[in-house]
Structures are given as C-alpha cells and as structure tokens.
Amino acid sequence: MKLTKLEWDSGFFGYPVGSLILEKEPFDEHQFIQMTQEFRLVYVNSSDPIESSWLCYGDSKILFAKEPTDRLAEVDVVEAPILSLLQMKDIGQQSGLYSRFRLDPHFKNNEFERLYEVWVERSMKKEIAYSTLTILEEDQPTGIVTLSEDKEGNSSIGLFAVSEGFRGKGIGGKLLRAADRMSFSKGNSSLRVATQGKNQAARAVYEHFGFRKHSQSYIYNYWNEGFTIQ
C-alpha cells in the first residue's frame, strides 16, 4: 500500500491530507494505521468494497462514458460570464448534495461550501476546466456544466447542476448536449462524468443521455482522531 500526501488538499483544509488507492490488493488495517499517523484525513479509494470500522462515510463512485456526438448547436447555451460568478457558485454547490464533503460531519468549517466555491471559480477562470457553460434567463444563470480534458484526449464533466427554481424546463438536457458537442468538436475520444452511487437521479439522467457505466470504485474517509498538529 502506498500513501500519497495531497498538497493542495492539505493546504486548503489546514491539516495533512493523504490518499490511498487500492487496486485489487487487500486492505491491511494494521499497516494502514501505522502509515497514517502523520495525517489527519486520508481518502481511501478501492476497486472493491472494504469492511473496516476505521473507515467512514464510504460510497461508490461510478464513472460513466460515451462517445462524443456531432450535435446541432444549443443556441441558448453560453460560456458563463464572470460577472455571474456568485450565482454560479450557488448553483455549483447544488451538484454536490451527495458529496462526502457535505455528508461527513467531521467536516465542521464549511469545507464543502468553500471547496465547491473554489471549484466553480477556478473552472470559470479556466484554471481546471476549458469551459463552463450555462443558460441565461434574464441575465441570470440557470445551470452549470464544466468541462476539462486529460492527456489521453478524454473530456470530463466536473460540475453539473440546474438551479432549483429552473428544474423541469429541459435546461439540464441542453447543457449535456452542448457538452457532448463541444467534446466532439475538440476531437475527444470520450466524454466522461462521475457521480456517487447513491445519486440515483443523476445516474438516470446520464444513462438517458447515452452514457454507459465505465467503471466503479469505492471511496472512504479515514479520520485520525489521535492526530495533533506538530
């Protein structure tokens, strides 16, 4: 087992955060506890479910993928204007209702809200995304979808949500179709999106728009209750 320190997360949360990725290897609790003494929080990502009293708030992460399609342009989908940043931050948080950062009560300093605000802002500034799309109604954003690209030529949807007051109007479908077309235009080999296994509504939406399950993993939080800042 190899434990990696996450520098960005550690700086953001203000305490050491690590990551352990297990691919078809057993979870050794004794070794794990010895490895994590200098960490306050460790994310454990496993290809198989883990039975352990040390790990909490686990959920499955399902990765969906589809081949990008050359669709007609959605004329009312636009790049989110930076002037709408505050509203976009609010919408972005609605995409994380099933996030472990929101559901795990060990997070006590508005970590979820701050994390998603940074995610939206860095996406709109094109630091971690090449596009942030929305549909404006009377100059107000109604939804969000962010797109990033990896070195293998895959596009990925990071944030996807429709503002609560605008649901049921087809906005989500337009945003997904626009993301699909943009991925095709960039020559990407696939368009991917991940969601929590508990989020049945999101899973149904993605499958309706042609996404198919690509892989599944299991994510847990480990909190070192004995950790003290040196």
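Residues numbered from 1 in each chain as written. Predicted model: local features only at pLDDT ≥ 70, side-chain atom pairs only at ≥ 80, totals over all residues. Heavy atoms only, no water.

A. Spotlight on a nonpolar patch on the surface. On the surface, Leu 97, Tyr 98 and Leu 103 cluster together into a nonpolar patch covering about 250 Å² of accessible area. Take Tyr 98: it is sitting in the loop between helix 3 (85–93) and helix 4 (100–103). (Patch = residues over 30% accessible without salt bridge, like charges linked within 9 Å, V, L, I, M, F, W, Y side chains within 5 Å. Areas by Shrake-Rupley, 256 points an atom, 1.4 Å probe, with all protein chains shown as cover. Salt bridge = Lys/Arg side-chain N within 4 Å of Asp/Glu carboxyl O. Helix = DSSP H or I, 4+ residues; strand = E, 2+ residues; numbered from the N terminus.)

B. Summary view of the environment of Met 1. Along the polypeptide, Met 1 turns up in the segment before strand 1 (3–5). Along the backbone, Met 1 and Met 35 are 34 residues apart, and their C-alpha atoms lie at a distance of 9.1 Å. Sequence-distant contacts of Met 1, defined by excluding residues within four places in its chain, comprise Leu 20, Leu 22, Glu 25, Pro 26, Phe 27, Asp 28, Gln 31, Phe 32 and Met 35. (Contact = heavy atoms within 4.5 Å.)

C. Highlighting helix 3. Regarding helix 3, the residues found buried are Leu 85, Met 88, Lys 89, Ile 91, Gly 92 and Gln 93. Of the surrounding secondary structure, the elements contacted by the buried residues of helix 3 are helix 5 (111–124), strand 6 (131–137), strand 7 (140–141), strand 8 (143–149) and strand 9 (154–162). (Buried < 20%, exposed > 50% of the residue type's maximum accessible area, 1.4 Å probe, protein only.)

D. Up close: the packing of aromatic side chains. For the structure on display, the rule yields 16 aromatic pairs. Between Phe 160 and Tyr 206, the aromatic rings sit 6.0 Å apart at their centres with planes inclined by 45 degrees, giving tilted as the arrangement. Taken together, the residues Phe 160 in strand 9 and Tyr 206 in helix 7 (residues 200–208) connect sequence positions 46 residues apart. There is no split in this pair, since Phe 160 and Tyr 206 are both buried. For the ring pair Tyr 206 and Phe 211, a centre distance of 5.7 Å and an interplane angle of 70 degrees mean the geometry is edge-to-face. (Phe/Tyr/Trp six-rings, centres within 6.5 Å; stacked < 30°, edge-to-face > 60°.)

E. Structural context of the pattern of salt bridges. With the rule as written, the count across this model stands at 11 salt bridges. Here Lys 24 ties to Asp 48 by a salt bridge, and the two come within 3.5 Å at their closest N and O atoms. In this pair, Lys 24 is assigned in the loop between strand 2 (17–22) and helix 2 (29–35) and Asp 48 in the loop between strand 3 (41–46) and strand 4 (56–66), connecting sequence segments 24 residues apart. Its salt-bridge partner being Arg 40, residue Glu 225 comes within 4.0 Å of it at the nearest N-O pair. Pair noted here: Glu 225 is in the segment after strand 11 (212–223) and Arg 40 is in the loop between helix 2 and strand 3, with a separation of 185 residues, a long-range link. Under the relative-accessibility criterion, Glu 225 is labelled exposed at 56%. Looking at Arg 40, the relative accessible area reads 19%, which means it is buried. Overlapping salt bridges, with partners in common, bring together Lys 66, Arg 71 and Asp 180 in one network.

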